[in-house]
Amino acid sequence: MTTIERFAIAGPALLHPKVHGDARGHFFEAFRQDMFQRHVDPAVAFVQDNQSLSRPAGTVRGLHFQLEPRAQAKLVRVLRGSILDVAVDIRPSSPTFGQHVAVTLSAENRAQLYVPAGFAHGFCTLEPDTEVFYKTSDYYSPEHDRGLAWNDPALGIDWPVTETAATLSDRDRKHPRLSDLAL
Ligand SMILES: Cc1cn([C@H]2C[C@H](O)[C@@H](COP(=O)(O)OP(=O)(O)O[C@H]3O[C@H](C)C(=O)[C@H](O)[C@H]3O)O2)c(=O)[nH]c1=O
């Protein structure tokens, strides 16, 4: 049975699948829709799987989100390497607006972060050649795809890489800060 941790911020969850080890190695159920809807979020069904490979350690992807009505919930795990995974609450009426959760996900710990719709999501890789896999609850919609500045001081995220050392896309260098975000 997968164990589930919650946070002070309502919504996100950290899932720890039950691992079955033996002399060959191990097996675990990486995802079950019935478990997810019963114990994490009854309203969410996933429709798309994404996977990214980041070669340099210190690669930052994010912070990304899709605007309503195409906002995406995500379930994130690491297939190889490790990341600091971050979800920022950008739900306008939330009492924890602007606050975030940050957890280490790795191929070794097999943990999964549930990022509800209404959160901006991003990560920083902690090792070279890190592969991230995540499910989304709506399809990619470029017209609704938006970003939030990963290094906005107002977010108070303790990234494990400096701005000068981080590897980012040109797009991720130009996102607005939270105070300038049009939601
Ligand atoms: C997200 C996405 C992208 N693309 C295309 C668009 C670009 O031509 C190319 C790379 O996209 P992008 O630079 O946005 O990839 P990431 O920076 O890894 O973005 C992701 O990283 C952060 C961590 C997220 O949480 C988002 O789900 C997602 O935005 O793939 C697609 O074709 N489908 C998709 O679902």
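Reading the values: the criteria
Along each chain, the written sequence defines residue order, and numbers are assigned to residues from 1. Since the coordinates come from a predicted model, pLDDT governs what is reported: local features require at least 70, and pairs of side-chain atoms require 80 or more to be given and counted, while whole-chain, interface and lining totals use all residues. Think of the side-chain values as coming from all heavy atoms in the structure, minus any hydrogens and water. Ring geometry is summarised as follows: Phe, Tyr and Trp rings, the Trp one being its six-membered ring, pair when their centres sit within 6.5 Å, and such pairs are stacked at plane angles under 30 degrees, edge-to-face over 60 and tilted between the two. The buried label applies to any residue whose accessible area, calculated with a 1.4 Å probe on protein chains only, is under 20% of its type's maximum; exposed applies above 50%, and partly exposed to all values in between. Summary of the distance rule: residues count as near a molecule or strand when at least one heavy atom falls within 4 Å of that molecule or strand. In protein, a polar contact means a hydrogen-donor-capable atom and an acceptor-capable atom, both N or O and within 3.5 Å, with residues adjacent in sequence counting only if both atoms are side-chain atoms; elsewhere, any N or O pair within 3.5 Å suffices. Accessible areas in this description were obtained via Shrake-Rupley with a 1.4 Å probe; residue shielding takes into account the shown protein chains only. Under the scheme used here, helices are H or I runs from DSSP no shorter than 4 residues and strands are E runs no shorter than 2 residues, and both carry numbers assigned from the N terminus. Gly is put with the polar residues, along with every residue not named as nonpolar or charged; the nonpolar set is Ala, Val, Leu, Ile, Met, Phe, Trp, Tyr, Cys and Pro, and the charged set is Asp, Glu, Lys and Arg. Per residue, pLDDT measures the predictor's confidence, with a range of 0 to 100. Between any two strands, pairing holds if DSSP finds at least two bridges. Here the axes come from fitting lines to C-alpha atoms, over the contacting stretch only for helices, and the angles between their N-to-C directions go from 0 to 180 degrees.

**Let's talk about the packing of aromatic side chains**
Aromatic ring pairs are defined here through the distance separating the ring centres and the angle between the ring planes.
And then number 1: Following the criterion strictly, the structure yields five aromatic pairs and no others.
And then number 2: With 6.0 Å between their ring centres and 45° between their planes, Phe31 and Phe36 make a pair best called tilted.
And then number 3: On the basis of relative accessibility, which here comes to 26%, the residue Phe31 falls in the partly exposed class.
And then number 4: Judged by its relative accessible area of 0%, Phe36 falls in the buried class.
And then number 5: Aromatic side chains Phe36 and Tyr114 sit 5.1 Å apart centroid to centroid with 80° between the ring planes, which places their arrangement in the edge-to-face category.

**Observations concerning the site of the ligand**
And then number 1: In the vicinity of the ligand, the contacting residues are Gln48, Asn50, Arg61, His64, Lys74, His121, Phe123, Tyr134, Tyr140 and Arg171.
And then number 2: Here Gln48 contributes a side-chain N or O atom positioned 3.0 Å from an oxygen atom of the ligand.
And then number 3: In the model, an oxygen atom of the ligand is placed 3.1 Å from a nitrogen or oxygen of the Tyr134 side chain.
And then number 4: About the coverage of the ligand: the protein hides 64% of its 650 Å² of free accessible area.
And then number 5: Of all elements in the fold, only β5 (48-54), β6 (60-66) and β11 (119-125) reach the threshold of two or more residues within the shell around the ligand.
And then number 6: Grouping the amino acids of the shell around the ligand by side-chain chemistry returns three nonpolar, four polar and three charged.

**Points about unusual backbone geometry**
And then number 1: Cis geometry is found at the peptide bond from Gly62 to Leu63, where omega equals 0°.
And then number 2: Looking at the secondary structure, you find Leu63 in strand β6.
And then number 3: Positive phi outside glycine occurs at Arg110, with the angle close to 60°.
And then number 4: With respect to the element layout, Arg110 can be found in the loop between β9 (100-106) and β10 (112-115).
And then number 5: With relative accessibility at 23%, the residue Arg110 sits in the partly exposed group.
And then number 6: For Asp129, which is not glycine, the phi dihedral falls at a positive 55°.
And then number 7: Following the sequence through the fold, Asp129 ends up in the loop between β11 and β12 (130-136).
And then number 8: Among the residues examined, Asp129 registers a relative accessible area of 27% and is labelled partly exposed.

**Some details on the confidence of the model for the protein chain**
And then number 1: The pLDDT averaged across the protein chain works out to 97; a share of 100% of its residues lies at or above 70.
And then number 2: Interface predicted TM-score (ipTM) for the complex: 0.97; the corresponding pTM is 0.97.

**Observations regarding the sheet that holds strand β8 (residues 82-89)**
And then number 1: Here we have five strands laid out as an open sheet, ordered β9-β8-β11-β6-β13, and antiparallel in their pairing. Edge positions in the sheet fall to β9 and β13 (145-147), since each has one partner strand and no second. Within the sheet, the average angular offset between the axes of one strand and its neighbour, ignoring direction, is 25°.
And then number 2: With three bridges connecting them, β6 and β11 associate as antiparallel partners. Paired with Arg61 across the strands is Phe123, a residue of β11.

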